[in-house]
Amino acid sequence: MHDFYRVSTAVPDVSVGNVNYNYEKIIEKIEKAERYESQIIAFPELAITGYSCQDLFFQNSLIKKTEEAVKNLVAYSERVRQVIVVGGPFRLDSRLYNAAYVIFGGCLCGITLKTYLPNYAEFYEKRWFDSAADLPDKSAIVNYNGENVPVGNNIIYDLNGMKFAVEICEDLWAPISPGTLYCLGGAELIINISASNEIIAKRDHRRNLIIETSAKNVCDYLYVSAGSSESTQDLIFSGHSMLAENGTMINENADFIANDYLMMADIDLGKIRSDRTRNKSFTDSASLCKGYVNRMTVVDLSRKNSRKVAECDGKYYIINKHPFIPSAKTKRLKRCEEIFDMQVGGLARRLKLTGCKPVVGVSGGMDSTLALLVAARALEKLGRPASDLVAITMPAFGTTNRTYNNSLKLIKGLGTEPVVINIKAACELHLKDLGHDLETKDITYENTQARERTQILMDYANMINGLVVGTGDLSELALGWCTYNGDQMSMYNVNGSIPKTLVKWMIDSVAENAVFPECTETLKDIIDTPISPELLPPDENGNITQKTEDKVGPYELHDFFLYYVMRYGYSPAKVFYLAGRAFEGDYPREEILGWLRVFYRRFFNQQFKRSCMPDGVKVGSVALSPRGDLRMPSDASCDIWMKELERVR
């Protein structure tokens, strides 16, 4: 369902060499995972025997008992609806291999062999095992209970459309890992069954390696390692389990030294599929390595038998309702500082090249506040005086005392003098020239003010060799909530890739870090001010009456929609499903659906405003510049998307 799959890692208690005991513990974990409707369960390396059997691997009794356990496990698998990946020794002719048995629905579907065998320090696997690279027949097929079973290090398994593959422990550490080749051959999930001992700092190294591997290979990476019951001789094993998704850690066991537990998580292969479609370096690499890719064997598990895994609804998948904003304060502050530095760096370079003074229209709202702070910091970076900052505030019909006074205090707090130009009279004259009655508060009434402000900014900039710094944000551009040739236009826009939900936190970080200490209190009040274009008159008490979100919808919803539509190209049905999960209890499903319709309609029919948007530095993975990030036709129809929304419930 919606490309979600449920995977689990199991670290059972182990009795080294006691196959019967280990088998029972494996069954216990499978039964527990079955209750959670897991679709794939992975056990550690050599879990059937225990990893630390050492020379006991030469004992025929141990190998025979392993074969019996695998046979019993295959028979047992008819009772469950999940794929079982479990480690054990595998004997083929006179050779012994470190193997992963892949079992599903009463069938042994494949036996993946370990390629890279450590033979250093405390590990001497080459003493007991042969490498998959030494397999006499690279596409070996063995007969198991009358069925042909593929064996080797070139097997990809297809589970209801999801392609996964297995590598074993040391394979991950190799310069060119089997997992990388599997991914280039189409695998979307790599499962690593491991027995990695613990020493100081190794956990962090292993964690970083898996995160980077999942990013490099554009895949989900599931890792499970032997637990602390594995050995008390010279090594200790920690039972480290992890799931990384394309560079992000999705789940990880908490205890440093762990044993006898089950870890569950949902993965979203929609992200993997989207990024692989866009990432041409990935597809180019697959072409470069086509010799390896072409030798892959794909085993379709659904053809092996009629068993079906449980459908995954993604309920264990963690969804951040504010995907542009890190939830932890320390990460959020760091992210905001980095973005602010990027904004400042871009504007400073443009000011240095042009020799211009920054000209900012200041309304007392959050967007213009952020642009003004960026401009002030850019001048500091260039070693230019604060007086070079030209801040113009232009009160009109809807301006309240609160926003007007905040704009004045902010400008003065930054060390420059405000330029105040009241535009009421100019707008009234213009409306009269148009034959407008001034009493009709229509779109013409509103846009006249926006265009008058832009005209003043442009003309004032001409007078003083200035550069008009745009204030419009990413969310406004996505919805087209800007006046064409009004606030939509500038000479350089520093906010063009900052979503509305992040703007508040950007200003908060400036206040928190006391970048401009004289402005801290003013910034806090600006953050608390309702979002409004202030184009309609205030109420009798002087309060804002025109609130943007009443008209266009909550920005936190629109930013959520924008992220998943632009970042991953998700369908309307999936975006609605994710939003319903993320905002459950905040908004009724009908309201979410209604605003999603607004989003798609406006996103399509307002493209013409984005087609001529000004320059501005890109700071995140979602941007709408027509010069790189969004090559969208202005006359595109949203009919397909709207009809899909009619079918969702």
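Not measured: the values here are computed from a predicted model.

Novice: Provide a residue-level description of the sheet that holds strand S14 (residues 241–245), including the pertinent values.
Specialist: Strand pairing in a sheet takes place through backbone hydrogen bonds and is either antiparallel or parallel in direction. Taken in spatial order, the seven strands make up an open sheet running S15-S14-S13-S12-S11-S10-S17, and their pairing is mixed. Looking at which strands have only one partner, the edges of the open sheet turn out to be strand S15 (248–252) and strand S17 (297–300). Strand-to-strand, the axes of this sheet are offset by a mean angle of 25°, without reference to chain direction. Where strand S10 (residues 155–159) meets S17, four bridges bridge the pair, whose relative direction is parallel. Considered in S17, the bridge of Asp158 is made with Asp300. On the sheet, helix H4 (residues 202–216) packs against strand S13 (220–225), S14 and S15 and is oriented at approximately 30° with respect to S14.

Novice: Please provide a residue-by-residue account of helix H10 (residues 366–382), values included.
Specialist: For H10, built from 17 residues, the straight-helix expectation of 24 Å at 1.5 Å per residue is met to within 8% by its first-to-last C-alpha distance of 25 Å. For H10, the tally of buried residues reaches 13 of 17 residues, placing the bulk of the element in the interior. Phi turns positive one or two residues past the end of H10, at Gly383, with a value near 75°.

Novice: A description of the pattern of salt bridges should follow, citing residues and the corresponding values.
Specialist: Taken as a whole and judged by the stated rule, the model has 32 salt bridges. Measuring nitrogen to oxygen at the nearest pair gives 3.3 Å for the salt bridge that ties Glu198 to Arg206. Its relative accessible area of 7% is what places Glu198 among the buried residues. Judged by relative accessible area, Arg206 falls into the buried class, the value being 0%. Note that Asp367 is salt-bridged to Lys500, the shortest N-O span being 2.8 Å. Here Asp367, found in helix H10, pairs with Lys500, found in helix H15 (residues 500–512); they are 133 residues apart in sequence, far enough to count as distant. Under the relative-accessibility criterion, Asp367 is labelled buried at 9%. The buried category is assigned to Lys500, whose relative accessible area is 6%.

Novice: Can you tell me about a nonpolar patch on the surface, naming the residues and giving the values?
Specialist: A surface patch of nonpolar side chains, about 250 Å² in accessible area, is lined by Ile236, Phe256 and Ile257. Tracing the sequence through the fold places Ile236 in the loop between S13 and S14.

Novice: An account of the pairing of strand S18 (residues 357–361) is requested, with residue identities and associated values reported.
Specialist: Counting buried residues in S18 gives four out of five residues, a clear majority hidden from the surface. Sheet analysis places S18 next to strand S21 (residues 466–470), joined by three bridges and oriented parallel. The residue bridging Val359 from the neighbouring strand is Val468, located in S21. Bridge count between S18 and strand S19 (residues 390–393): three bridges; the pairing is parallel. Each residue of the ladder has a partner; that of Val359, found in S19, is Val390. You can see the chain leave S18, run along H10 and come back into S19, and the turn it takes is right-handed.

Scoring rules and cut-offs
Residues numbered from 1 in each chain as written. Predicted model: local features only at pLDDT ≥ 70, side-chain atom pairs only at ≥ 80, totals over all residues. Heavy atoms only, no water. Pairing = 2+ DSSP bridges. Helix = DSSP H or I, 4+ residues; strand = E, 2+ residues; numbered from the N terminus. Axes fitted to C-alpha atoms, helices over the stretch in contact; angles between N-to-C directions. Contact = heavy atoms within 4.5 Å. Expected span 1.5 Å × (residues − 1). Buried < 20%, exposed > 50% of the residue type's maximum accessible area, 1.4 Å probe, protein only. Salt bridge = Lys/Arg side-chain N within 4 Å of Asp/Glu carboxyl O. Patch = residues over 30% accessible without salt bridge, like charges linked within 9 Å, V, L, I, M, F, W, Y side chains within 5 Å. Areas by Shrake-Rupley, 256 points an atom, 1.4 Å probe, with all protein chains shown as cover. Right-handed = clockwise from strand over helix to strand, strands pointing away.

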